[in-house]
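Close look at the chain arrangement
The primary structure of each chain is shown beneath.
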Amino acid sequence: MNATPGHTPVESILPKWVRGPQDFIGGLALMAIALFALWASSDLQGMRGFSFGAGTAPRMFGFLLLGLGAAIALVGVFTEGAHLAKYHWRGPLFVSLAILSFAFTIRPMGMIFAAMASFVIAACGTPETRWVETLIVGACLTAFCSLLFPYALGLPLQLLPTFLIR
């Protein structure tokens, strides 16, 4: 009989030799990302003598990530750890949509609209969003970005939509 009522033992589809499934799967995911980065940077020029090429840093970070991922996966094999938790797609989905909306709206709609819209879309990633605070923080960050990029950094970004400028 289980000591805590309502809790059943967690069954895993992983082999018995994996003692920390969350660390093991996380390490494998990091290794997959590293292998993709190494593959994607394979056609870039590497280091020649003491001069860095375009592919030097991506390869260095790829090998570093590959080693760290292997170390994390080994921790999952040798130490007892947490079981796999349920994955919630809402947060990553809305953050990805916010990034895409910013990318597609920055040129035609300008910095002010694109920044505010992407902030509000990203805020939809959690059910705990308080909309009054979200709109206040979004307006403050949009104002800060509207001053920082074109004026303080001198980047040629338009602030308003193209149909308002012409």
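Rules behind the numbers
- Residues numbered from 1 in each chain as written.
- Predicted model: local features only at pLDDT ≥ 70, side-chain atom pairs only at ≥ 80, totals over all residues.
- Heavy atoms only, no water.
- Helix = DSSP H or I, 4+ residues; strand = E, 2+ residues; numbered from the N terminus.
- Buried < 20%, exposed > 50% of the residue type's maximum accessible area, 1.4 Å probe, protein only.
- Contact = heavy atoms within 4.5 Å.
- Areas by Shrake-Rupley, 256 points an atom, 1.4 Å probe, with all protein chains shown as cover.
- Patch = residues over 30% accessible without salt bridge, like charges linked within 9 Å, V, L, I, M, F, W, Y side chains within 5 Å.
- Salt bridge = Lys/Arg side-chain N within 4 Å of Asp/Glu carboxyl O.
- Core = buried A, V, L, I, M, F, W, Y, C linked by side-chain atoms within 4.5 Å.
- Axes fitted to C-alpha atoms, helices over the stretch in contact; angles between N-to-C directions.
- Left-handed = near helix turned anticlockwise from the far one by under 90°.
- Nonpolar A, V, L, I, M, F, W, Y, C, P; charged D, E, K, R; others polar.
- Phe/Tyr/Trp six-rings, centres within 6.5 Å; stacked < 30°, edge-to-face > 60°.
- pLDDT = per-residue confidence, 0-100.
- Expected span 1.5 Å × (residues − 1).
- Arc of directions from axis to C-beta.
- UniProt positions renumbered as here; feature names shortened; annotations may be inferred.

- Identification of the protein chain as Tricarboxylic transport membrane protein from Bradyrhizobium algeriense is taken from an unreviewed UniProt entry.

**Overview of the overall build of the protein chain**
- When its secondary structure is counted, the protein chain shows 5 helices and 0 strands.
- Written out in order from the N terminus, the α and β elements of the protein chain read α-α-α-α-α.
- Here the protein chain, with 166 residues, has 22% of them falling under the buried criterion.
- For the protein chain, contacts bridging at least 24 residues in sequence account for 60% of all contacts bridging at least 6.
- As displayed, the protein chain offers around 12,200 Å² of accessible surface, 73% of which is attributable to carbon and sulfur atoms.

**Observations regarding a nonpolar patch on the surface**
- A contiguous nonpolar surface patch, about 500 Å² in accessible area, is contributed by Ile-112, Leu-160, Phe-163, Leu-164 and Ile-165.
- Mapping Leu-164 onto the fold places it in helix H5 (residues 162–165).

**Observations concerning the nonpolar core**
- Grouped together as the largest cluster of nonpolar side chains are 5 residues: Ile-106, Met-111, Ala-114, Ala-115 and Leu-159.
- When residues no more than four places from it in sequence are discounted, the contact partners of Leu-159 are Met-109, Gly-110, Met-111, Ile-112, Ser-146, Pro-150 and Tyr-151.

**Concerning the packing of helix H3 (residues 90–123) against helix H4 (residues 131–152)**
- Contact geometry for H3 and H4: axes closest at 9 Å, N-to-C directions at 145 degrees. In the packing of H3 onto H4, the handedness of the crossing is right-handed. For the pair H3 and H4, contact is made by Met-111, Ile-112, Ala-115, Met-116, Phe-119, Val-120 and Ala-123 and by Trp-131, Thr-134, Leu-135, Val-137, Gly-138, Ala-139, Leu-141, Thr-142, Cys-145, Ser-146 and Phe-149, respectively.
- When the residues that make up the contact of H3 with H4 are grouped by side-chain class, the tally is 14 nonpolar, 4 polar and no charged.

**What about the packing of aromatic side chains?**
- With the rule as written, the count across this model stands at 2 aromatic pairs.
- Note on Trp-17 and Phe-24: the rings are 5.8 Å apart at their centroids and 85 degrees apart in plane angle, and the pair reads as edge-to-face.
- Taking the centre distance of 5.8 Å and the plane angle of 40 degrees together, the rings of Phe-36 and Trp-39 count as tilted. Pair noted here: Phe-36 and Trp-39 are both in helix H1 (residues 21–40), with a separation of 3 residues, about one helical turn.

**Description of the confidence of the model for the protein chain**
- Scored by pLDDT, the protein chain comes out at a mean of 87, with 89% of its residues at no less than 70.
- Within the protein chain, the lowest mean pLDDT, 79, falls on H5, and the highest, 94, falls on H3.

**What to know about H1**
- Here H1 contains 20 residues, and its C-alpha end-to-end distance of 28 Å stays within 8% of the 28 Å for a straight helix at 1.5 Å per residue.
- Along H1, the residues classified as buried are Pro-21, Phe-24, Gly-27, Ala-34 and Leu-38. Buried residues of H1, viewed axially, fall in a sector of 155 degrees; they line one side.
- Those residues of H1 that are buried lie in contact with helix H2 (56–78).

**Description of the UniProt feature "transmembrane region" (unreviewed entry) in the protein chain**
- Per the UniProt record, "transmembrane region" (unreviewed entry) is annotated on residues 24–40, 61–79, 99–123 and 135–153.
- Annotated as 100% helix and 0% strand, the span residues 24–40 places its first and last C-alpha atoms 24 Å apart.
- Structurally, residues 135–153 is divided into 95% helix and 0% strand, and its ends, taken at the C-alpha atoms, are 25 Å apart.

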